[in-house]
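Observations on the model geometry
Take a look at the letters that make up each chain.
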Amino acid sequence: MIEIRNLDKEYKNDKGDIIRAIENLNLKVNSGEIFGIIGPSGAGKSTLIRLLNLLEKPTAGSIEIDGVDLTELDNKRLRETRQKIGMIFQNFNLLSTKTVKENIIFPLKIAGKNKSFRRKRAEELMELVDLSDRADHYPAQLSGGQKQRVGIARALANEPKLLLSDEATSSLDPDSTESILNLLRDIQKEMDLTVVLITHEMGVIKEICDQVAVIEQGNLIEQGNVLDIFARPKTELTRRFVSSVFDYNLPPRIIEDIENGDAGRLVRVSFIEEGTDKPIISKMIRKFDIDANILYGSIDEIRSIPFGTLVLKLDGKESRIEQGIEFLQKKDLIVEVINDG
Ligand SMILES: Nc1ncnc2c1ncn2[C@@H]1O[C@H](COP(=O)(O)OP(=O)(O)OP(=O)(O)O)[C@@H](O)[C@H]1O
C-alpha cells in the first residue's frame with residue numbers, strides 16, 4: 001500500500017542551520033494494517049506523517065501509495081489523491097463556526113458532491129461515529145472525544161483507503177482515548193482501511209496497532225509486529241517504550257543479586273498465547289534434569305492475546321542447561337540469558 005524509499009526531510013532553522021528531521025528512511029506499510037510510528041519528542045513523527053500526504057515536501061526520496069509516487073504528481077492529481085487520504089489531528093482542526101454536520105459535509109463539498117449525496121453521507125457518518133444527536137451542535141459545545149469523532153467522520157467522508165492519524169488521542173482523557181481507539185479499530189475493520197498513526201504513547205500501539213516502527217532523531221531504529229516488539233525489543237529506546245506499559249524491568253531485588261554476583265543462571269522466557277509456557281518449561285525440567293525456579297513473572301494482554309515473561313533461575317549441569325535453553329528456543333519461546341551465573 002505505502003512504500004517509502006530513501007526519504008529525507010531537511011528544514012532550515014532561524015539561524016540558517018540545516019535540521020535533518022527525517023534521514024534516509026525506508027518503510028513499507030501493507031494494506032489493511034494499523035501501523036503505528038512511535039518516537040520521543042522531536043524524533044520526526046509529525047514531519048513523517050505530513051510527508052505521507054505531501055503536506056510537507058520531501059527533500060529527497062519517494063512516497064508511493066498504491067504504486068503511485070506522490071512526489072511526481074502535478075498539483076491537480078495530488079489534490080485528487082489527497083481526497084482519498086483521510087487525516088485526523090491532535091487538535092481536531094474543526095471549523096469552529098460550523099456545526100458537526102457542516103464540518104462533515106465540508107470535504108464532500110470540496111470534492112464536488114451534490115447536495116442530496118452530501119446530506120445522506122453526513123447522516124451515515126454521524127451514525128457511524130455515534131453523533132447523530134449532535135448534528136447541529138458547534139465544536140465548542142462538544143467534549144474532546146466528541147470533537148475527535150467529528151474529525152474521524154470528516155476524514156472518512158470521501159471514503160479514503162488510507163487514514164493518517166497525528167497524535168489523535170494525545171489531548172484526550174483515558175476514557176475518551178479508549179473509545180476513540182476502539183472506534184478506529186472498528187472502522188478499520190468495517191471499511192478495510194489502512195491506518196498509519198503517530199504517537200508518543202506505547203499504550204496506543206499496544207491497544208490497536210498490528211505493526212510498529214520506532215523512530216529516533218529522524219532514523220527508523222526498529223520495526224516489526226507489535227507482539228514481537230513487545231516480546232523482544234532490540235534497542236534501548238524501544239525497551240523503554242515497552243517498559244512504560246508492560247512491566248518488563250527486573251525487580252530491584254533481582255538486580256541487586258546480579259550486581260552482587262549472587263543471582264546464578266537467569267533467563268527471561270517470553271511467551272505469546274496462554275499456556276504455551278508451562279508444559280514446555282516443565283518438560284525442559286524433566287528432560288534435562290534442571291531445576292527452574294520462577295523468580296518473577298508478568299502477564300498482560302496485547303489486543304486480547306495473552307503475553308508474558310517469566311524470569312527463571314536455572315540450576316543443573318552446565319551442558320544440560322545449554323541444551324534446555326536450546327530446547328525452549330526451538331519451542332518458539334523467546335529466551336534471553338540475563339545473567340550467566
Ligand atoms: N517547520 C520547521 N522548521 C524548522 N524545523 C522544524 C520544522 N518542523 C519541525 N522541525 C524540526 O524537525 C525535527 C522533528 O520535528 P517533528 O515535529 O517532526 O518531531 P515530532 O517527533 O513530531 O515531535 P513532537 O512529538 O514533539 O511533536 C525537530 O528537531 C523540529 O524542531
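On a predicted model such as this, the values are computed, not experimentally measured, just so you know.

With that out of the way, let us pick up the overall build of the protein. Across its full length, the protein holds 12 helices and 14 strands. Each of the 341 residues in the protein was classed as buried or not, and the buried ones make up 36%. The contacts of the protein with a sequence gap of at least 6 include a subset with a gap of at least 24, amounting to 69%.

Now for the sheet that holds strand E13 (residues 305-315). If you walk across this open sheet you meet the 4 strands as E12-E13-E11-E14, and the pairing is antiparallel. Both outer strands of the open sheet, strand E12 (291-302) and strand E14 (334-340), are each paired with one neighbouring strand and no more. Each strand axis lies, on average, 15 degrees off the axis of its neighbour in the sheet, ignoring direction. Across 8 bridges, strand E11 (residues 265-272) lies against E13 in antiparallel orientation. Note that in E13 the partner of arginine 265 across the bridge is leucine 314.

Bringing the site of the ligand into the picture now. Taken together, 13 residues sit near the ligand, with Tyr11, Ala21, Ser41, Ser46 and Thr47 positioned nearest. Counting only elements with at least two residues in the shell around the ligand, the list comes to strand E2 (18-29) and helix H1 (45-52). The residue makeup of the shell around the ligand, split by class, is 4 nonpolar, 8 polar and 1 charged.

On to the UniProt feature "domain: ABC transporter" (unreviewed entry) in the protein. When the UniProt feature table is mapped to this numbering, "domain: ABC transporter" (unreviewed entry) covers residues 2-242. With 39% helix and 27% strand, residues 2-242 has its two end C-alpha atoms placed 26 Å apart.

With mixed pairing, the 6 strands of this open sheet are ordered in space as E6-E7-E8-E3-E9-E10. The sheet terminates laterally at strand E6 (85-89) and strand E10 (219-225), the two strands that pair on one side only. Mean inter-strand twist for the sheet, computed between neighbouring axes without regard to direction, equals 15 degrees. In the sheet, strand E9 (residues 211-216) pairs with E10 via 6 bridges, with the strands oriented antiparallel. Counterpart to valine 212 in the pairing with E10 is glycine 224.

This part is about the pairing of E6. The element E6 is largely enclosed, with a buried count of 4 among its 5 residues. Alignment of E6 against strand E7 (residues 162-166), held across 5 bridges, turns out to be parallel. Bridge pairing in E7 places methionine 87 opposite leucine 164.

Take the nonpolar core next. Membership of the largest hydrophobic core comes to 69 residues, with the highest contact counts inside it found for Ile104, Ala153 and Val196. Not counting residues within four places of it along the chain, the set of residues in contact with valine 196 comprises Val29, Phe35, Ile37, Ile49, Leu52 and Leu164.

Let us look at the pairing of E2. Bridge count between strand E1 (residues 2-12) and E2: 8 bridges; the pairing is antiparallel. From the neighbouring strand, lysine 9 faces E2, where its bridge partner is isoleucine 22. Counted along the chain from E1 to the antiparallel partner E2, the turn is 5 residues long, and its residue glycine 16 has a positive phi close to 90 degrees.

To continue, consider helix H3 (residues 100-110). In an α-helix, one turn spans 3.6 residues, which is why side chains three or four residues apart end up on the same side. The complete set of buried residues in H3 reads Val100, Lys101, Asn103, Ile104, Ile105, Pro107 and Leu108. A positive backbone phi angle near 80 degrees is found at glycine 112, which sits one or two residues after H3.

With that settled, the discussion passes to the packing of H3 against helix H4 (residues 115-128). Here H3 crosses H4 at 125 degrees, and the two axes come no closer than 9 Å. The orientation of H3 with respect to H4, classified from their angle, is oblique. Crossing of H3 against H4: the hand is right-handed. Contacts between H3 and H4 pair Val100, Lys101, Ile104, Ile105, Leu108 and Lys109 from the former with Arg118, Arg121, Ala122, Leu125 and Met126 from the latter. Tallied by class, residues from the contact of H3 with H4 come to 7 nonpolar, no polar and 4 charged.

Residue placement: valine 337 occurs in strand E14. Accessibility expressed as a C-beta count within 10 Å gives 14 for valine 337, which makes it partly exposed. Between the C-alpha atoms of valine 337 and asparagine 75, which are 262 residues apart in sequence, the distance is 55 Å.

By the element assignment, lysine 189 lies in helix H6 (residues 174-191). Note: C-alpha distance between lysine 189 and glutamate 336 (147 residues apart in sequence) is 36 Å.

What follows deals with unusual backbone geometry. Here the phi dihedral of asparagine 24 falls at roughly 40 degrees; this positive angle occurs in a residue that is not glycine. Tracing the backbone shows asparagine 24 in strand E2. Using a count of 14 C-beta atoms within 10 Å as the deciding quantity, one classes asparagine 24 as partly exposed. The phi dihedral of aspartate 289 falls on the positive side, at around 55 degrees, and the residue is not glycine. By secondary structure assignment, the location of aspartate 289 is in the loop between helix H11 (277-288) and E12.

Calculation criteria
- Residues numbered from 1 in each chain as written.
- Predicted model: local features only at pLDDT ≥ 70, side-chain atom pairs only at ≥ 80, totals over all residues.
- Helix = DSSP H or I, 4+ residues; strand = E, 2+ residues; numbered from the N terminus.
- Buried ≥ 20, exposed ≤ 12 C-beta atoms within 10 Å, placed from the backbone.
- Contact = placed C-beta atoms within 7 Å.
- Pairing = 2+ DSSP bridges.
- Axes fitted to C-alpha atoms, helices over the stretch in contact; angles between N-to-C directions.
- Near = placed C-beta within 6 Å.
- Nonpolar A, V, L, I, M, F, W, Y, C, P; charged D, E, K, R; others polar.
- UniProt positions renumbered as here; feature names shortened; annotations may be inferred.
- Core = buried A, V, L, I, M, F, W, Y, C linked by C-beta atoms within 7 Å.
- Parallel < 35°, antiparallel > 145°, perpendicular 65-115°, else oblique.
- Left-handed = near helix turned anticlockwise from the far one by under 90°.

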